[in-house]
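# Observations on the model geometry
For reference, the chains in residue letters:
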Amino acid sequence: GISVVNPSNGVKNCSRKIFMEIFRSNGIKQPPYSIVTHSTDTTKLKYPGWLKKSEGWSSHIDDVQFVASPQEADKALQRLAARGYSEAIYCEHIKGDLVKFYGVCGTDFFRHHYPDPETTKFGLERINGKAVKHPFDHRRLQQTAFLAAEKLQISVFGGDCIIAPDGEIYIIDMNDFPSFSAYRQEAAEAI
């Protein structure tokens with residue numbers, strides 16, 4: 001009699017390292033990335049970039065860190081290691097507009113918006129600055145988001161993407177149950 005919104009295997013698939021591999025194997029565009037450890041030669045990484053905790057979900061300010069040099073990358077890796085994480089994911093920074101999106105599979109509910117970079121959880125949205133609102137194919141974003149949700153095996157989802165100046169869409173995060181903050185009532189009805 002308990003409602004299950006997303007199955008446990010889908011929730012597990014939303015762990016960063018897992019979803020990035022699923023995206024890679026299914027041709028879902030995301031920034032170039034690599035797995036790094038404390039022994040990685042960070043001078044060979046392309047800067048700037050993002051150092052991200054590879055396991056689980058972001059819940060701490062150091063789980064996702066913007067780094068502009070090998071020294072910053074080494075310090076970020078040390079902070080993760082101090083918290084017990086032996087590896088991380090390094091993603092190249094994609095310049096463009098950050099767009100948040102939300103959807104419920106099996107319904108027509110799909111919404112997206114440009115977040116206010118000054119009112120976000122950890123303030124990292126400030127890195128990309130105020131949205132320029134590069135033209136892009138809104139239908140393709142919706143199709144890509146629903147494909148990603150299908151491959152992750154989740155029905156209720158949210159995520160973040162970067163819209164590059166050329167209109168290319170890069171998915172940078174997917175969540176199995178986001179806040180739906182801007183669309184709570186609509187999302188609740190769809191769910």
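Read on for an overview of the structure. Note that the structure is a prediction, hence the values are computed from the model and not measured. (Residues numbered from 1 in each chain as written. Predicted model: local features only at pLDDT ≥ 70, side-chain atom pairs only at ≥ 80, totals over all residues. Heavy atoms only, no water.)

## What about helix α3 (residues 70–82)?
Threshold: Helix and strand assignments come from DSSP, with helices taken as H or I runs of at least 4 residues and strands as E runs of at least 2, each series counted from the N terminus. One fewer than the residue count of a helix, multiplied by 1.5 Å, yields its expected span. Relative accessibility under 20% of the residue-type maximum defines a buried residue, over 50% an exposed one, and the middle range a partly exposed one, all with a 1.4 Å probe and only protein chains included. Along the arc lie the directions from the helix axis toward the C-beta atoms. Note on contacts: a residue pair is in contact if any heavy atoms of the two residues lie within 4.5 Å.
For α3, built from 13 residues, the straight-helix expectation of 18 Å at 1.5 Å per residue is met to within 8% by its first-to-last C-alpha distance of 18 Å. The complete set of buried residues in α3 reads P70, A73, A76, L77 and L80. Along the axis of α3, the buried residues cluster in a sector spanning 120°; they form a single face. For α3, the exposed residues lying more than 90 degrees away from the buried face are Q71, K75, Q78 and A82. Residues of α3 that are buried make contact with β1 (33–37), β2 (49–53), β3 (64–67) and β4 (87–92). Remark: G84 follows α3 within two positions and exhibits a positive phi of approximately 100°.

## Observations concerning the side chain of S15
Relative to the helices and strands, S15 resides in the loop between α1 (8–13) and α2 (16–25). Non-local contacts of S15, meaning those with residues more than four positions away in its chain, are made with S54, E55, G56 and W57.

## Points about the environment of P178
Inspection of the secondary structure assignment puts P178 in the loop between β8 (169–175) and α5 (184–190). For the pair formed by P178 and G103, sequence separation is 75 residues and the distance between their alpha carbons is 9.9 Å. Those residues in contact with P178, other than ones at most four positions away along the chain, are Y102, F157 and G158.

## Some thoughts on a nonpolar patch on the surface
In plain terms, the rule: Every patch collects residues that have over 30% relative accessible area and no salt bridge, joining them within 9 Å if they carry like charges and within 5 Å if they are nonpolar side chains (Val, Leu, Ile, Met, Phe, Trp, Tyr). What sets the accessible areas is the Shrake-Rupley method with a 1.4 Å probe; for residues, cover comes only from the shown protein chains. Salt bridge, as used here, is a side-chain nitrogen of Lys or Arg placed within 4 Å of a carboxyl oxygen of Asp or Glu.
On the surface, V5, F177 and I191 cluster together into a nonpolar patch covering about 260 Å² of accessible area. Mapped onto the fold, V5 is located in the segment before α1.

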